[in-house]
Amino acid sequence: MRSARRLQYFKNGLEIFSDVAIQGRYDFEYDLMPCHSSRMSLAKRLNLLKAGGNLIYRNAHPWSWPINMHIELTNYCNLRCRVCPTGSGVLNRTPQAMDPALFERLMNEVGPYLLTASLWGWGEPLLHPNIASILRLQHNRGVVTFLSTNGQNLDDELMLQALIDYPPAYLIVCLDGITDETNAKFRVGAKLDPALYGVRELARMKRKRGSRYPILHHRFIAMKHNEHELEELPDFSTRNHFDILTVRSLSIIDASDDSFTNLKPVSKDLCAYEYENDQRIKRNDFICEKAFTFPAVFADGRVTVCDQDSNAQEVFGSLADGKTFKKIWFGKQASEIRRIVRDNPESLSFCSNCPFKDRSVTDCSIKRYDLQRG
């Protein structure tokens, strides 16, 4: 979170307090996706207000449960994206799918407090062998749920049925080109046909049911080799029955800038970062909130400080050991790691090369198109 955005949050505090505490609703954006939470329980209202207050002090021992969470359903993938730790072969965790029983236990404990759940990590979630069970377990929990996919399994009829029966709020389909050639330059091994077939089918199934969900979201990362397609992109997304399109800038993860030299767009407006003499300009106004409100739970049950810690270097604890999330989240080890993130982040590799801190804005997406009208 940029310090200016944090200040604006506090300025709007009275209005937020009224919406949350009195009316039990909260309207917000998550990476340019409009979200709405209503009829919140008293526990969720109080937790959200506590989390907001904790942004002032960032206590190592937080006042609240998480309000957002990344839940990694798998850590293996069917593509080889060029800068992804999984696709580039630098992820050193054993390939695994999350046990549905562990997922259910986690959501039973934390779900009553969450605003959002992002069901992805360093793998392709639709490769989970029990994805229908996961979606069923998550359905109707009062949590805004996001599911991000490369779309390669969206031509499976059973998959489509699960997505329409137990829909996430947003199904994010990541396609970085309007031709196979362009898309596969970054998403090595990808084909457009299965993804686009699935999106069109889901749009048809939604119309038949009169359903709004899942909102079909085309996410496009702007890079040097595909920025020439941006003019045609909204028409392409509309023709293929997406509901919204977001253009996203390419983030540095835990890698050197050299890895991105051939991918960085020519247009400065599409770059995640500003450069001077070919060096990324460092910013000092970033305030990390992930360690305090937005942890990640990896496929093996380890709870990590941040989803960017792809190899689980700093672990709060493990649900697979039989511990409750509460014991892990409010435990001594978690507090010690938060203190490092707050006071000495440069000592952690994933913090020193954080994909968010040197941006002019925190969101990775830079433009949204609302496509389907009427």
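What you are looking at is a predicted structure, and each value in this text was computed from that prediction instead of being measured.

(A) Spatial organisation of the overall build of the protein. Helix and strand counts for the protein stand at 13 helices and 16 strands. The C-alpha radius of gyration computed for the protein amounts to 20 Å, which stays within 12% of the reference 21 Å derived for 374 residues, consistent with globular compactness. Each of the three principal axes of the protein carries a C-alpha extent, and together these read 55 × 50 × 45 Å. For the protein, with 374 residues in total, the buried portion stands at 56%. The long-range fraction of contacts in the protein, counting pairs at least 24 apart against all pairs at least 6 apart in sequence, stands at 72%. On the protein, the mean spot of the 49 positive side-chain charges and the mean spot of the 45 negative ones are 5 Å from each other.

(B) Representation of the packing of helix α6 (residues 157-165) against helix α8 (residues 192-209) in the model. Two elements in contact, α6 and α8, have axes whose closest approach is 10 Å; the angle formed by their N-to-C orientations is 45°. One finds that α6 runs oblique with respect to α8. When you trace α6 past α8, the crossing you get is right-handed. For the pair α6 and α8, the contacting residues are Glu157, Leu160, Gln161, Leu163, Ile164 and Asp165 in the first and Tyr197, Gly198, Glu201, Leu202, Met205, Lys206 and Arg209 in the second. The class makeup of the residues in the contact of α6 with α8 is six nonpolar, two polar and five charged.

(C) Geometry of the pattern of salt bridges. Going through the model one piece at a time under the given rule, you end up with 18 salt bridges. Between aspartate 358 and lysine 282 there is a salt bridge whose closest N-O contact spans 3.7 Å. With aspartate 358 in the loop between α13 (349-352) and β16 (365-370) and lysine 282 in the loop between β12 (279-280) and α10 (290-293), the pair connects residues that are 76 residues apart, well separated along the chain. A relative accessible area of 1% places aspartate 358 in the buried class. Salt-bridge contacts for aspartate 370 lead to arginine 368; the nearest nitrogen and oxygen are separated by 3.2 Å. Among the charged side chains, a salt-bridge network with shared partners connects Glu29, Arg368 and Asp370.

(D) Up close: the environment of arginine 136. Summarising the element assignment, arginine 136 is placed in helix α5 (residues 131-138). In the structure, arginine 136 is positioned 31 residues away from proline 167 in sequence and 8.6 Å away in space, judged by C-alpha atoms.

(E) Local environment of the packing of aromatic side chains. Following the criterion strictly, the structure yields nine aromatic pairs and no others. Where tyrosine 26 meets phenylalanine 28, the ring centres are 5.2 Å apart and the plane angle is 20°; that geometry is what we call stacked. Taken as a pair, tyrosine 26 and phenylalanine 28 share a single burial class, namely buried. Note on tryptophan 65 and phenylalanine 325: the rings are 6.3 Å apart at their centroids and 20° apart in plane angle, and the pair reads as stacked. In this pair, tryptophan 65 sits in the loop between α3 (42-57) and β3 (68-71) while phenylalanine 325 sits in helix α11 (residues 325-329), placing the two residues 260 residues apart along the sequence. The exposure class of tryptophan 65 is buried, given its relative accessible area of 12%. Chaining the aromatic ring pairs together yields one cluster made of Trp65, Tyr113, Phe316, Phe325, Trp329 and Phe330. The positively charged end of lysine 264 is found above the aromatic ring belonging to tyrosine 275, 3.7 Å away from the centroid. A cation over a ring is seen here: lysine 290 above phenylalanine 294, with NZ or CZ 4.8 Å from the ring centre.

(F) Highlighting the packing of helix α4 (residues 100-110) against α5. Viewed as axis vectors pointing N to C, α4 and α5 meet at an angle of 15°, and their least axial separation amounts to 10 Å. For the element pair α4 / α5, the angle class is roughly parallel. The chirality of how α4 crosses α5 is right-handed. Mapping the contact onto sequence places Pro100, Phe103, Glu104 and Met107 in α4 and Ile134, Leu137 and Gln138 in α5.

(G) Highlighting the side chain of asparagine 240. Residue placement: asparagine 240 occurs in the loop between α9 (233-239) and β10 (244-249). Looking at asparagine 240, its side chain comes within polar contact range of the main-chain oxygen of phenylalanine 236, at 2.9 Å. Aside from chain neighbours lying at most four places away, what touches asparagine 240 is Leu196, Val199 and Arg200.

(H) Summary view of the sheet that holds β10. Strand order in the open sheet formed by ten strands is β15-β14-β13-β3-β5-β6-β7-β9-β10-β16, and the pairing between neighbours is mixed. The outermost strands of the open sheet, each flanked by one partner alone, are β15 (315-318) and β16. The pairing of strand β14 (residues 302-304) with β15 spans three bridges and is antiparallel. Paired with threonine 304 across the strands is valine 315, a residue of β15. On top of the sheet, α8 reaches β7 (170-174) and β9 (215-222); it is set at about 150° to β9, its chief contact.

What counts, and where the lines are drawn
Residues numbered from 1 in each chain as written. Predicted model: local features only at pLDDT ≥ 70, side-chain atom pairs only at ≥ 80, totals over all residues. Heavy atoms only, no water. Helix = DSSP H or I, 4+ residues; strand = E, 2+ residues; numbered from the N terminus. Rg over C-alpha atoms; globule rule 2.2 N^0.38 Å. Buried < 20%, exposed > 50% of the residue type's maximum accessible area, 1.4 Å probe, protein only. Contact = heavy atoms within 4.5 Å. Lys, Arg positive; Asp, Glu negative; His and termini not counted. Charge placed at Lys NZ, Arg CZ, Asp CG, Glu CD. Axes fitted to C-alpha atoms, helices over the stretch in contact; angles between N-to-C directions. Parallel < 35°, antiparallel > 145°, perpendicular 65-115°, else oblique. Left-handed = near helix turned anticlockwise from the far one by under 90°. Nonpolar A, V, L, I, M, F, W, Y, C, P; charged D, E, K, R; others polar. Salt bridge = Lys/Arg side-chain N within 4 Å of Asp/Glu carboxyl O. Phe/Tyr/Trp six-rings, centres within 6.5 Å; stacked < 30°, edge-to-face > 60°. Lys NZ or Arg CZ within 6 Å of the ring centre and 35° of its normal. Polar contact = N/O pair within 3.5 Å; in protein donor to acceptor, adjacent residues only side chain to side chain. Pairing = 2+ DSSP bridges.

Structural measurements only, silent on function.
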